[in-house]
Each structure stands twice: as C-alpha cells, then as structure tokens.
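# Fold and contact review
Okay, here's what each chain looks like letter by letter:
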Amino acid sequence: MQQRQGVIEAPGRVNLIGEHIDYHGLPVLPMALRQRIRVQFETRSDRAIHAASPGYGEREFLWTDSLEPVAGGDWENYLRAAARLVGGRWGILNGVDLSIQSDLAAAAGLSSSSALIVGCTLALLHAAGVEASFEELMEVLPDGEQFVGTRGGGMDHAACLSARPGFATLIEFRPVSVRHIRVPEEWTFLVASSGVKAEKSGAVRERYNARRKAGSTALATLGASSYGEILNGGRDVEALAASLPTVEEREAFLHVTSEALRVRRAAAAMESGDASCFGRLLVESHASLHERLHVSCSELDRLVDAAMRSGALGARLTGAGFGGCAVALCHSREAARVEAGIRSAGFPDVFSA
Ligand code: GLA
C-alpha cells in the first residue's frame, strides 16, 4: 500500500433559491461559501479509520464492508457514512488517519453535514489513490448520507463538489449537471443566522421528510412520473392542485411547481443583472416556504423582515428551514447598511457570502 497524504477542502453553501425541490429532481441555485471543512488525510498500514476534530473529539473504528451506524447524533456516523459508501462503491478498506478542521457553522442550513461527508469521502478516495468523477460521486453521495439519518436531495453535495468562487451554481438533476453563473460585482448576498439551531436529526428530520412525502404523494395521486413531466407538459398547475385530496398535498405541489419556475427566472435575472427581479423572487420563495410548506419559524420571519426593512432587495430562509439562516440580496453599496440593520434587529451573526 503506497503511503499518501494530503488535504481536501469542502466548502459549505448558501442556497440562493430553489428550496425543497432538489429531492424532486428540480433545479436549484446555490453558491459556495468561503467557510469550509478541511480534511487532512494520511494512509495507515492497518484497516482502522482514526479521526480527530477540535471540539468534537477523536473517533476510531475498523473499516469493514459491513459498517453499521453508532448512536444517533454521534459525529462518527458521518465518518462511517463516508467509509461505507467508499467501501461499497470502490471496494476500498485501507486504514486512514483524518484530521478535521471547520469554520463552517453546524445546524445552520449551510450544509455542514454534507461538506463533512464530501470531505471525508474525497479524503478516503485520495488516500487510496482513486480519482472519482463528479458523476460517480453524485451517484452515491446523496444516498450515502441517509446512513446518518437524513435523505436530502443532491444539492448540497453537487454544490460542494463543483464550487467556484464568485459564481452561483445552477444544478440540474436527472441527469446531474452544473452551470456556473457569475454573480454580478454590484450584488452582495448576506447570510444571517436566526439563532435557532436546525439539527437535521430528530424532530426536524421528521418534518423535512413529511414535506418530501407530501410532494411525492401529490405526484403519485396525479399519476405523473416526475415534476419535470408536469412542468414541461404545459399542464394547468392550479387545476391540478385543486384536484388533490389533502391540503398537505396541495400546498406541497404548489410550492414545488412555483419554486421550480422561480429558479429559472432567478438564473435568468442573475445572468442579465436584474437585481430587483432576483430580489422579488427571493421574497416570493420565502412566502411560499412560510405559507405553503410551513418550514419557516418566527425568528426566520423576523430576520427576513429586518433585512427587507434595512434595504435588502429580497430575503428568504435558506436550506431546509425550521431555523438556521436566511439569505438576503442587496446592492453592494448598501451592504453595510443592511448588515447593520440586521444586527440591530437582534441577529448579530451576519456575513457576506
Ligand atoms: C437540506 C437538504 C437539501 C435540500 C434542502 C432544502 O439542506 O440536504 O438536499 O433538500 O434541505 O432545499
């Protein structure tokens, strides 16, 4: 076994628009953050994975082809998820030492969990001298994360793998592809924490899964095989929604179909530099997430209001919701004023993406 060492960097992301639709195979528009997880790796001569991370402590386990999760909430599950998917897909089981550092807030809707799994997956592959393609990784990462207890869509992994500074990433699924769109110089995206932790385990996981299920059930009730089929088929979305039997299905269906259209419009607005249009779409997205999907909370609503009152062109919750962060768009020349307004409304944790 050849001795190898190196460092992998896996950035977090802020989703600009396209919320709760990636798991239905619809496009999303996230942007990578400067904040990231760094995974230093070095091959070992045995079959153990040993990981150390300041604040989280040390973990060690034997890398076998039958890894099971440990107790829920233990960060070792992220390491096991990476090891299991690398072992399962590439047949690698060689021991590795990992040293993990992060400046990415956890449980903030900024994709720290996926960044950790992506970083560890790439570290285990590189330690074995394997270069996997973006497509190969995207085939296994979203399912791999289910091991930790969540089964989101592929947005976070795709954003983390394909990040390019200064660009937003339009991610399409089925098949997966990315297109980088330059963020206009005069636009600033601020990211602010609501102060409410959104741990993707326990209650939040159940609520997340319920939204996903309502959207899928609506589709099945309508006898459609995908949302793409409905959106591209020129069907009357309002009439279809009205025919659904439960309020949960109707609301999820209307959120998903309208959010997908907003993503298309937002990508076009970014390309043409139309900041007012992009801002309006953010506001509409938040309203839909709040009123139809019920994934906002009073702190997030207050935060979005504070950003708008301070001069933002648009703002909305970002990520799964139920707490975490909001993203706001403002003219770069107004950024300091908007940031100060958000802070003085009681949300001190703000940074520009
Ligand atoms: C979480 C998931 C993503 C996505 C968002 C909501 O962050 O990991 O895949 O579904 O929620 O848009």
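In what follows, the structure referred to is the one given above.
Reading guide: rules and limits
- Residues numbered from 1 in each chain as written.
- Predicted model: local features only at pLDDT ≥ 70, side-chain atom pairs only at ≥ 80, totals over all residues.
- Heavy atoms only, no water.
- Helix = DSSP H or I, 4+ residues; strand = E, 2+ residues; numbered from the N terminus.
- Rg over C-alpha atoms; globule rule 2.2 N^0.38 Å.
- Buried < 20%, exposed > 50% of the residue type's maximum accessible area, 1.4 Å probe, protein only.
- Contact = heavy atoms within 4.5 Å.
- Areas by Shrake-Rupley, 256 points an atom, 1.4 Å probe, with all protein chains shown as cover.
- Pairing = 2+ DSSP bridges.
- Disulfide = S-S within 2.5 Å.
- Near = heavy atom within 4 Å.
- Polar contact = N/O pair within 3.5 Å; in protein donor to acceptor, adjacent residues only side chain to side chain.
- Nonpolar A, V, L, I, M, F, W, Y, C, P; charged D, E, K, R; others polar.
- Salt bridge = Lys/Arg side-chain N within 4 Å of Asp/Glu carboxyl O.
- Phe/Tyr/Trp six-rings, centres within 6.5 Å; stacked < 30°, edge-to-face > 60°.

Once that is clear, we can look at the overall build of the chain. A count of helical and extended segments in the chain gives 11 helices and 11 strands. For 353 residues, the compact-globule estimate of 2.2 N^0.38 gives 20 Å, and the C-alpha radius of gyration of the chain, at 20 Å, lies within 12% of that figure. With respect to the three principal axes, the spread of C-alpha positions in the chain is 60 × 50 × 35 Å. Looking at the chain residue by residue over its 353 residues, the buried ones come to 56%. Contacts in the chain between residues far apart in sequence, at least 24 positions, make up 70% of those at least 6 positions apart. When the accessible area of the chain is evaluated, it comes to approximately 14,700 Å², of which 48% is carbon and sulfur surface.

Our next topic: the side chain of S285. Summarising the element assignment, S285 is placed in helix α9 (residues 275-291). The class of S285 is buried, set by a relative accessible area of 0%.

This brings us to the pairing of strand β7 (residues 177-182). On any regular strand, side chains alternate: one points to one face of the sheet, the next to the other face. Looking at chain direction, strand β6 (residues 167-172) and β7 are connected through 6 bridges and run antiparallel. For I171, the partnering residue across the bridge sits in β7 and is V178. Counting the residues in the hairpin turn of β6 and β7 gives 4 residues, including R174, whose phi is positive at 55°.

Glancing now at the state of the cysteines. Summed over the entire model, instances satisfying the criterion amount to 0 disulfides. C330 provides the cysteine sulfur closest to C277, a residue in no disulfide bond, and the two sulfurs are 17 Å apart. Free cysteine C297: the closest other cysteine sulfur is in C325, separated by 11 Å.

Further remarks concern the site of the ligand. The local shell around the ligand holds 13 residues, among which E19, H20, D22, D156 and Y208 are the closest. The contact in question runs from an oxygen atom of the ligand to an N or O atom on the backbone of H20, over 2.7 Å. Here D156 contributes a side-chain N or O atom positioned 2.7 Å from an oxygen atom of the ligand. In the complex, 97% of the free accessible area of the ligand, which totals 310 Å², lies under the protein chains. Across the shell around the ligand, the residue classes break down as 4 nonpolar, 4 polar and 5 charged.

For side chains bearing opposite charge, pairing can occur when the charged atoms are close. Taken as a whole, this structure holds 16 salt bridges when the rule is applied. In this structure, the salt-bridge partner of E136 is R89, at a minimum N-O distance of 3.7 Å. Here E136, found in helix α3 (residues 134-144), pairs with R89, found in helix α1 (residues 76-90); they are 47 residues apart in sequence, far enough to count as distant. For E136, a relative accessible area of 26% translates into the label partly exposed. A relative accessible area of 34% means that R89 is categorised as partly exposed. Because the salt bridges share partners, they merge into one network encompassing R59, D74, E76 and R80.

Enumeration over the complete set of coordinates arrives at 6 aromatic pairs. Ring plane angle 65° and centroid distance 5.3 Å describe the contact between W187 and F278, whose orientation is recorded as edge-to-face. With a gap of 91 residues between them, W187 in strand β8 (residues 187-193) and F278 in helix α9 connect regions that are remote in the sequence. F278 sits in the buried class, given a relative accessible area of 0%. A ring pair is formed by F189 and F278, whose centres lie 5.6 Å apart and whose planes are at 65°; its orientation type is edge-to-face. Within this pair, whereas F189 is found in strand β8, its partner F278 is found in helix α9, the two being separated by 89 residues in sequence.

With that settled, the discussion passes to the environment of L79. With respect to the helices, strands and loops of the structure, L79 is situated in helix α1. Classification of L79 by relative accessible area gives buried; the value is 2%. Note: C-alpha distance between L79 and L116 (37 residues apart in sequence) is 8.2 Å. Beyond its immediate stretch of four places on either side in the chain, L79 contacts A51, R59, F61, L98, I100 and C120.

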